[in-house]
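# Coordinate inspection notes
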Amino acid sequence: MQLYNLKHPSQVVSFTEAVKLGLGKDRGLFFPKQIPQLQDIDSLLALPFVERSKKVIGAWLASELGQDTVDRLVERAFNFELPLVKADENLYSLELFHGPTLAFKDFGARFMAQCLNELAKSEKINILTATSGDTGAAVADAFYGLDNINVVVLYPKGKISVLQEKMFTTLGDNIHTVAVESDFDACQTLVKQSFEDLDIRDGLHLNSANSINISRLLAQICYYFEAVAQFKQQNDSDPVIAVPSGNFGNLTAGLFAKAMGLPVKRFVAATNSNDTVPRYLGNGEWQPEPTVATMSNAMDVAEPSNWPRVEAIVTAMNWSLDEIIGLGVSESDTSDSVKALNGAGYLSEPHAAIAALALKQTMAADEKGIFLATAHPAKFNEVVEDILQIELPLPEALARVVPKAILSAELADDFEQLKTHLFKILAA
């Protein structure tokens, strides 16, 4: 598999190199030179999830890694269920929160961890990533205890739920966490600045584990195939799929799946009040505004890093951006959507509720659709309990972190402070 840097197309790397580097020159994203096309989709959809995923990822990586290696990586990474649940007459929820950290990020993080563990062997790797909520927990869990790999997670202090925070800040060992006194976009900028600094990038063997790393996107492609496979067992039509969107890695993976041949009628990019992309799709002007804190904090991203890949897919497939519907959802409408879903018998949290509402508002009467449920409702128990006036029991994965102490360092939004801290904890 060959990939090129979207900012510097002359920089061409293998998948192994892309996984290790994370980002290309000048923070450029790696993008595949070719998108593999799958044949006999119906037979593929009839397979069990893990067996199908071996073929989907094998279409990208078997020529470089060998199919046996791909099979081993998939089997180790994907060992939890992902049910498609009927939420009302025309809506289905793909529940992606049945992994160890109760969020969709488990798929990409676990696959990336297996890739690095397999491909880097005894090389020392330091992973630096930013999280607006769920990435931190998934990456920390996936890499916790792995030899020769350290993880540093930056997150906005006071802007993620306490349970989200405790899922990744209480581990210690090779997991280092930093609460930054700013928002997620500032954390993301600090990560990008670190990759531009040669002392840090080369001196600390730096890598990134958020959705800019191509390995995570390949893993996420697989659950779109599973969503359509389960949908087709109950419906003759192709689904509309709504994706709760923050950094837009999730939508990128969905578009890759469609480009490979997956039958999806169209995608809906659902955001909260941080609606840079919906406005761009509406007026053609890219105008990020200051990040707004919302109850759907994992989507509080004003400048999504993965958007260049979305446009690259559209260009490669000769599609139009008009085929992607963008919709921003207000806080009051988010609350109303949580209530409406609960009234129909489906318990949701704000991110999924935003996608469900966007789906309802954009589907025709004769269409059916899927929205992605990206996190367990209990991860946002305070918000959900306040909206619905109920008390949610905590699943074991959350209950066991409640009494634990947060181990994070606290830093200002200052690159030089971060650089000093990174060398202090990682240079030994």
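Note on numbering: residues in each chain are counted from 1, in written sequence order. With the structure being a predicted model, the display of local features is reserved for residues of pLDDT at least 70 and the display and counting of side-chain atom pairs for 80 or more, all residues being used for whole-chain, interface and lining totals. As a rule here, side-chain values come from all non-hydrogen atoms in the structure, and water together with hydrogens is ignored.

## With respect to the overall build of the chain
Only DSSP runs of H or I reaching four residues or more are called helices, and only runs of E reaching two or more are called strands; each is numbered from the N terminus. Secondary structure summary: the chain contains 18 helices and 14 strands in total. On the principal axes, the C-alpha backbone points of the chain span a range of 60 × 50 × 45 Å. Restricting the contact set of the chain to residue pairs at least 6 apart, pairs at least 24 apart contribute 75%. For the chain, the exposed surface amounts to about 15,900 Å²; the carbon and sulfur share of it is 46%. In this tally, Asp and Glu contribute negative charge and Lys and Arg positive charge; neither His nor the terminal groups of the chain are included. Note on charges: their place is set at NZ of Lys, CZ of Arg, CG of Asp or CD of Glu. A gap of 4 Å separates the mean positions of the 35 positive and 54 negative side-chain charges of the chain. Contacts are assigned to residue pairs that have any heavy atoms within 4.5 Å of one another. Areas reported as accessible are Shrake-Rupley estimates using a 1.4 Å probe. Residue values count occlusion only from the protein chains shown.

## Topic: the nonpolar core
What we call a nonpolar core is a set of buried Ala, Val, Leu, Ile, Met, Phe, Trp, Tyr and Cys residues that are connected through their side-chain atoms within 4.5 Å. Whether a residue is buried, partly exposed or exposed follows from its accessible area with a 1.4 Å probe, protein chains only, as a fraction of its type maximum: under 20%, in between, or over 50%, in that order. Phe 15 and Phe 225 are the most contacted members of the largest nonpolar core, which totals 101 residues. Among the elements that make up this core, the one with the highest residue count is helix H10 (residues 214-232) (13 residues). Among all residues touching Phe 225, those that are not within four sequence positions of it are Leu 38, Ile 41, Leu 44, Leu 45, Arg 52, Val 56, Ala 257, Met 260 and Leu 262. Ranked by size, the runner-up nonpolar core spans 28 residues in total, among them Leu 91, Ala 352, Ala 353 and Ala 358.

## Quick look at helix H18 (residues 415-426)
Working note: α-helix, 3.6 residues per turn, so residues spaced by three or four point in the same direction. With twelve residues, H18 extends 16 Å from end C-alpha to end C-alpha; this agrees with the ideal 16 Å at 1.5 Å per step. Here H18 has its buried residues at Phe 415, Leu 418, Lys 419, His 421, Leu 422 and Leu 426. Along the long axis of H18, the arc covered by the buried residues comes to 165°, so they all point the same way. Exposed side chains of H18 directed beyond 90 degrees from the buried face belong to Thr 420 and Lys 424. Tucked inside the fold, the buried residues of H18 contact strand E6 (125-130), strand E7 (149-156), strand E8 (175-180), helix H8 (184-196), helix H9 (198-203) and strand E14 (409-411). Multiplying 1.5 Å by the helix residue count minus one yields the expected span of that helix. To obtain the arc, one takes the directions from the helix axis to the C-beta atoms.

## Points about the packing of aromatic side chains
What counts as a ring pair is set by centres within 6.5 Å for rings of Phe, Tyr and Trp (its six-membered ring), and what kind of pair is set by the plane angle: stacked under 30 degrees, edge-to-face over 60, tilted for all other angles. With the rule as written, the count across this model stands at 18 aromatic pairs. Between Phe 49 and Phe 107, the ring centres sit 6.4 Å apart and the planes meet at 90°, which makes this aromatic pair edge-to-face. Of the two residues, Phe 49 is situated in helix H3 (residues 49-65) and Phe 107 in helix H5 (residues 105-119); the sequence distance between them amounts to 58 residues. On the basis of relative accessible area, Phe 107 is assigned to the buried category, the value being 1%. The structure contains a cluster of three or more aromatic residues connected by ring pairs, namely Phe 49, Phe 78, Phe 80, Phe 107, Phe 111, Tyr 223, Tyr 224 and Phe 267. For Lys 258, the ring lying beneath its charged end belongs to Trp 319, and the centroid distance is 5.4 Å. Any Lys NZ or Arg CZ found within 6 Å of a ring centre and within 35 degrees of that ring's normal is scored as a charge over the ring.

## Focus: the UniProt feature "domain: Threonine synthase N-terminal" (unreviewed entry) in the chain
UniProt positions are given in the numbering used here, feature names are shortened, and annotations may be inferred rather than shown by experiment. When the UniProt feature table is mapped onto this chain numbering, "domain: Threonine synthase N-terminal" (unreviewed entry) sits at residues 10-78. With 58% helix and 9% strand, the stretch residues 10-78 has end C-alpha atoms that lie 34 Å from each other.

## Points about the pattern of salt bridges
A pairing counts as a salt bridge when a side-chain nitrogen of Lys or Arg comes within 4 Å of a carboxyl oxygen of Asp or Glu. Under the definition given, this model contains 17 salt bridges. Of the charged contacts, one joins Arg 27 and Glu 196 as a salt bridge, the two residues approaching to 2.8 Å between their closest N and O atoms. Taken together, the residues span a long stretch of sequence, with Arg 27 in the loop between helix H1 (15-21) and strand E3 (30-32) and Glu 196 in helix H8 at a distance of 169 residues. Linked by salt bridges that have partners in common, Glu 51, Lys 54 and Glu 75 make up one network.

## A closer look at the sheet that holds strand E13 (residues 369-373)
A pair of strands is treated as paired once DSSP finds two or more bridges between them. In space, the six strands of this open sheet follow the order E4-E5-E13-E10-E11-E12, with mixed pairing throughout. Sheet topology places strand E4 (84-86) and strand E12 (324-328) at the edges, where each strand pairs with a single neighbour. Adjacent strand axes in the sheet meet at a mean angle of 25° when their direction is disregarded. Inspection of the sheet shows strand E10 (residues 240-244) paired to E13 by three bridges, in the parallel sense. Among the inter-strand pairings, Ala 242 is bridged to a residue of E13, identified as Phe 371. Lines fitted to the C-alpha atoms define the axes, with helices restricted to the stretch that makes contact. Angles between their N-to-C directions range from 0 to 180 degrees. Strand contacts of helix H12 (residues 276-283): strand E11 (266-271) and E12, with the helix running at about 125° to E12, the strand carrying the most contacts.

## So, unusual backbone geometry
Even without being glycine, Phe 248 reaches a positive phi, approximately 70°. With respect to the helices and strands, the residue Phe 248 is situated in the loop between E10 and helix H11 (249-260). The backbone of Asn 318 sits at a positive phi, close to 55°, despite the residue not being glycine. Counting through the fold element by element, Asn 318 comes out in the loop between helix H13 (307-316) and E12.

## Side note on the sheet that holds E3
Spatially, the three strands line up as an open sheet ordered E2-E1-E3, and their pairing is antiparallel. Each having just a single partner strand, strand E2 (12-14) and E3 make up the two edges of the open sheet. On average, adjacent strands in this sheet sit at an angle of 40° to one another, irrespective of strand direction. Inspection of the sheet shows strand E1 (residues 2-5) paired to E3 by three bridges, in the antiparallel sense. In the sheet register, Asn 5 faces E3, and the bridge partner there is Phe 30.

## Description of the side chain of Gln 230
With respect to the secondary-structure elements, Gln 230 resides in helix H10. Think of a polar contact as two N or O atoms within 3.5 Å of one another; within protein, one of them needs to be a possible hydrogen donor and the other a possible acceptor, and neighboring residues in sequence only count if both atoms come from side chains. Here the side chain of Gln 230 touches Leu 82 through a polar contact of 3.0 Å, landing on its backbone oxygen. If we skip the residues at most four places from it in the chain, Gln 230 touches Leu 82, Pro 83 and Leu 84.

## A word on the environment of Leu 218
You can see Leu 218 is positioned in helix H10. Given the relative accessible area of 1%, Leu 218 is considered buried. Taking C-alpha positions, Leu 218 is 21 Å from Lys 7, a pair spaced 211 residues apart along the chain. Sequence-distant contacts of Leu 218, that is, excluding residues within four places in its chain, are made with Met 1, Phe 15, Ile 57, Trp 60 and Leu 61.

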